[in-house]
Amino acid sequence: MMQRRVLVLYAGGTVGMAPSDEGYRPMTGFAEVLRRQFAAGAGLPDWAVVEMAEPIDSANLRPAHWQAIAAELVKRWEAWDGFVVLHGTDTMAWTASALSFMLLGTDKPVILTGAQIPLAQARSDAPANLQGALALAADPRIREVALYFGGRLLRGNRSRKVHADRFAAFDSPNCAPLAEAGIGITVHHDRLLPPAARDFALPAFERAAVAVLTIHPGLSAHAVEALLGDPAVRGLVLCSYGVGNAPDADGELLTVLGAAIARGVVVVNITQCVTGRVAQGSYATGAALARVGVVAGGDLTLEAAFAKLHVLIARGLTAAETRAAFGRALCGESG
Ligand code: ASP
């Protein structure tokens, strides 16, 4: 069998950082360091590495970076069998989600990974994460955007960063891992996405098109009105209680939400709970949201709901089209 070829794209993150007076910062020339450390032939696929023009600490990520990362992959799509994106852990789940909606129907593995300790430091988790990601990016049965970290492959748009300082920093609370690494790597083929028609879109993102609002005791209609008063906001992810509940005793709050929806803001409802899903009809407090036109977000993660709304809006869909598309699972993000 021909040796498979994997392209590594370094977008930034701890994996390639070096210490500075103010703490870790992305280093320049990380690609060269990587080439030296992981020479070809050591049981790895053939691979090469390219760097984004400006590798970032992913805390600085904006939606425009999603488009830039996707563009680097798409322009090299035909030349490689799979892709690894080295990314900071802070917003890796957000980027994995966004890439999944931009690269709908991907026919190749796109595996995001990074590290909690830089490659150049003692006890770094970068070698294990990178080697696992390279192996998985060479597997032709994987046709989706996924995240490999701490020995597990997770669906990208189901993943969340759940630990600030552990090596097993990620989980996908509503979706079983796609693969697990021990001495060998076990891929759960029955959990992988089936082949689908390619429908890539790399739209230009409006930085502030989507806002996030966490329902909390005492939340005022006034605060919500101020958030939704920004004309740039065209979508809102509402993080509600339990199975999708919000205070229905606050008529003003519901009026503000209803007015925003009436003027074309798409409001979606996800749960603050770590696992489980929104069912807006279970309680009167959830039914009230449905009545004013809030779209139930099922078991979507915050990151997936946010990225899905962003991509649908950036693709130029109307509010009605966005609402309809949001309700459909596009690439395994809900179930
Ligand atoms: N702040 C870093 C980043 O997200 C953290 C990491 O990579 O682990 O870029």
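Residues numbered from 1 in each chain as written. Predicted model: local features only at pLDDT ≥ 70, side-chain atom pairs only at ≥ 80, totals over all residues. Heavy atoms only, no water.

Novice: An account of the sheet that holds strand β16 (residues 235-240) is requested, with residue identities and associated values reported.
Specialist: Taken together, four strands build an open sheet; the order of strands is β15-β16-β17-β18 and the sheet is parallel. The open sheet has two edge strands, β15 (210-214) and β18 (295-296), and neither has a second partner. With two bridges joining them, strand β17 (residues 266-271) and β18 adopt parallel strand pairing. Within the sheet, the bridge partner assigned to Val 268 lies in β18 and is Val 295. (Pairing = 2+ DSSP bridges. Helix = DSSP H or I, 4+ residues; strand = E, 2+ residues; numbered from the N terminus.)

Novice: Give a detailed account of the environment of Ala 31, specifying residues and quantitative values.
Specialist: Here Ala 31 is to be found in helix α1 (residues 30-37). Relative accessible area serves as the criterion here: at 7%, Ala 31 is assigned to the buried category. Taking C-alpha positions, Ala 31 is 35 Å from Leu 300, a pair spaced 269 residues apart along the chain. (Buried < 20%, exposed > 50% of the residue type's maximum accessible area, 1.4 Å probe, protein only.)

Novice: So what's going on with the pattern of salt bridges? Residues and values would help.
Specialist: Evaluation of the coordinates by the stated rule reveals 16 salt bridges. Between Glu 78 and Arg 198 there is a salt bridge; the shortest N-O distance is 3.4 Å. Of this pair, Glu 78 sits in the loop between α2 (63-74) and β5 (82-86) while Arg 198 is found in the loop between β13 (185-187) and β14 (199-200), placing the two residues 120 residues apart along the sequence. Taking the relative accessible area as the measure of exposure, Glu 78 reaches 60% and is therefore exposed. Its relative accessible area of 42% is what places Arg 198 among the partly exposed residues. (Salt bridge = Lys/Arg side-chain N within 4 Å of Asp/Glu carboxyl O.)

Novice: Outline the sheet that holds strand β4 (residues 46-56), supporting the account with residue identities and numerical values.
Specialist: Taken in spatial order, the eight strands make up an open sheet running β4-β1-β5-β7-β8-β9-β12-β13, and their pairing is mixed. Lying at the two open borders of the sheet, with one neighbouring strand each, are β4 and β13. Neighbouring strand axes in the sheet, compared pairwise and without regard to direction, differ in orientation by 20° on average. Pairing analysis gives five bridges linking strand β1 (residues 5-12) to β5, with the strands arranged parallel. Note on β5: the bridge partner recorded for Tyr 10 is Leu 86. (Axes fitted to C-alpha atoms, helices over the stretch in contact; angles between N-to-C directions.)

Novice: Describe the site of the ligand, listing the residues and the values that go with them.
Specialist: Near the ligand the following residues occur: Gly 13, Thr 14, Met 17, Asp 57, Ser 58, Gly 88, Thr 89, Asp 90, Ala 115 and Gln 116. One of the side-chain nitrogen or oxygen atoms of Asp 90 is found 2.7 Å away from a nitrogen atom of the ligand. Taking 260 Å² as the accessible area of the ligand by itself, protein coverage stands at 90%. Among the residues making up the shell around the ligand, the classes are represented as two nonpolar, six polar and two charged. (Near = heavy atom within 4 Å. Polar contact = N/O pair within 3.5 Å; in protein donor to acceptor, adjacent residues only side chain to side chain. Areas by Shrake-Rupley, 256 points an atom, 1.4 Å probe, with all protein chains shown as cover. Nonpolar A, V, L, I, M, F, W, Y, C, P; charged D, E, K, R; others polar.)

Novice: Summarise helix α9 (residues 319-326); cite the residues concerned and give the values.
Specialist: Within α9 the residues assigned to the buried category are Thr 322, Ala 325 and Phe 326. All buried residues of α9 fall inside an arc of 100° around its axis, so they share one side. Of the surrounding secondary structure, the elements contacted by the buried residues of α9 are β17, β18 and α8 (302-314). (Arc of directions from axis to C-beta. Contact = heavy atoms within 4.5 Å.)

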